[in-house]
Amino acid sequence: MIKLILKSQLRTGMYVESIKGEWVNGGPAARRLLLKSDHEVARLKAGNFEGVFINTALGIDVANAVQAAVPTADLAAVEHAIKDAVRNLHIAFEGAIKAKSVSLGAFEPVVATLKTTVQRHPALLIGMTRLKSKDDVTFVHSVAVSALMMHFADALELDEATTKNLGIAGLLHDIGKLSIASEILNKAGTLGADERRVIQDHPIKGHEILRDAEGVPPVVLDICRHHHERLDGYGYPDRLSGEAISKFVRMSTICDVFDAVTSVRPYKKPWTTAQAIRWMLSADGVFDRKLLWAFACSLDLPSETVLAD
């Protein structure tokens, strides 16, 4: 788990990932390191920066307090919210397919349910959406990305309307996958060239579906088409790079990839939160690092028993 702490909270045994702010004089924070002595801690505390990001999977935590057990009622409430969201998402997508048109009104109740739940039980909701059956992978993934997007938006203190639109975008970002055969979507082995092309066409197909719908916010269209773009220009489908990729698309890429690599899937073993964040930080040219650090800190949630590594 990546945490942002005050430099006054530093002590021997902590693993420093990075600092928040500018480190003017170099020193021990110029690299990732395990604090092995009081001297190293003192040098770091003397720095003129705002705070420190520590990795509790590689070093000690701020406190060793035992987490309280999660009440059964809370678990039941979150499980019900997820099942309800997935069921309503199924219905909304089926209606869109039959009508050959998307109605945003069908998705707003799902976003409202997720918004309330992620505010009350963030760790539980994010943790429980990691468990996906073969049949529900696409739907639960969309629910998870929607919840992550809204939680991330809250952490960045974005306004209510933007947060709602990001929640809708999370639900709809993979709508183009509805046209892909499950044999390809859930294939355990390596995809062939033709199969990869089919997968990589889903943002275009999804964008086409939403573009023809009435009242779809531009941010939803942007995220649907571009959530697989990379800052270095090696993403798809449009090979966008740098500033051509909006902040909200950058947020969606982080949430999309994080949920994908930390979730139980029919064809892979999930990574822990710490493994996912470490890999994402090391993936040069893919993610906006400033936003990624903000996202990592937003995952420092109550009820860590659910997100334990």
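Since we're looking at a predicted model, the values are computed, not measured.

## Some thoughts on the overall build of the chain
In terms of regular secondary structure, the chain is built from 13 helices and four strands. In the chain, which comprises 309 residues, the proportion classed as buried is 49%. Summarising the internal contacts of the chain: among those between residues at least 6 apart in sequence, 71% fall at separations of at least 24. Surface summary for the chain: the accessible area is close to 14600 Å², and the carbon and sulfur share equals 53%.

## Comments concerning the environment of His202
Of note, His202 is situated in helix H9 (residues 202-211). With a relative accessible area of 1%, His202 lands in the buried category. Taking the C-alpha atoms as reference, His202 lies 5.4 Å from Lys177; in sequence the two are 25 residues apart. Once you skip the residues sitting within four places of it in the chain, His202 turns out to touch Asp174, Gly176, Lys177, Ile180, His227, His228 and Tyr236. Reaching out from His202, the side chain makes a polar contact with the side chain of Asp174 at a distance of 3.1 Å.

## What to know about the pattern of salt bridges
What the rule picks out here adds up to eleven salt bridges. Two residues, Arg250 and Glu243, come together in a salt bridge whose shortest N-O distance is 3.8 Å. Exposure remark for Arg250: the relative accessible area of 13% places this residue in the buried category. Judged by its relative accessible area of 74%, Glu243 falls in the exposed class. Connected through shared salt-bridge partners, Glu243, Arg250 and Asp288 make up one network.

## Description of the nonpolar core
Counting 66 residues, the largest nonpolar core has Leu172, Leu210 and Phe295 as the members making the most contacts within it. It is helix H5 (residues 137-155) that contributes the most residues to this core, ten residues altogether. Leaving out residues up to four positions away in the same chain, Leu172 has contacts with Phe93, Leu104, Phe107, Leu210, Val220 and Cys224. With ten residues, the next largest nonpolar core counts Leu10, Leu33, Leu44 and Ile54 among its residues.

## Quick word on the packing of aromatic side chains
Think of a pair of aromatic rings as described by two things: how far the centres are apart, and how the planes are tilted against each other in angle. Under the criterion given, the structure shown has six aromatic pairs. An angle of 75° between the planes, with centres 5.2 Å apart, marks the rings of Phe258 and Phe295 as edge-to-face. With a gap of 37 residues between them, Phe258 in helix H11 (residues 247-262) and Phe295 in helix H13 (residues 289-298) connect regions that are remote in the sequence. Both residues of the pair, Phe258 and Phe295, belong to the buried class. Here Trp279 and Phe287 contribute two aromatic rings whose centre-to-centre distance is 6.3 Å and whose plane-to-plane angle is 75°, an arrangement assigned as edge-to-face. Assessed through its relative accessible area of 37%, Trp279 is described here as partly exposed.

## Digging into unusual backbone geometry
Omega for the peptide link from Tyr236 to Pro237 comes to 10°, which places this bond in the cis form. Relative to the elements of secondary structure, Pro237 occurs in the loop between helix H10 (218-226) and H11. Of note in the backbone geometry, Arg239 takes a positive phi value of approximately 55° without being a glycine. Assignment of secondary structure puts Arg239 in the loop between H10 and H11.

Conventions we followed
Residues numbered from 1 in each chain as written. Predicted model: local features only at pLDDT ≥ 70, side-chain atom pairs only at ≥ 80, totals over all residues. Heavy atoms only, no water. Helix = DSSP H or I, 4+ residues; strand = E, 2+ residues; numbered from the N terminus. Buried < 20%, exposed > 50% of the residue type's maximum accessible area, 1.4 Å probe, protein only. Contact = heavy atoms within 4.5 Å. Areas by Shrake-Rupley, 256 points an atom, 1.4 Å probe, with all protein chains shown as cover. Polar contact = N/O pair within 3.5 Å; in protein donor to acceptor, adjacent residues only side chain to side chain. Salt bridge = Lys/Arg side-chain N within 4 Å of Asp/Glu carboxyl O. Core = buried A, V, L, I, M, F, W, Y, C linked by side-chain atoms within 4.5 Å. Phe/Tyr/Trp six-rings, centres within 6.5 Å; stacked < 30°, edge-to-face > 60°.

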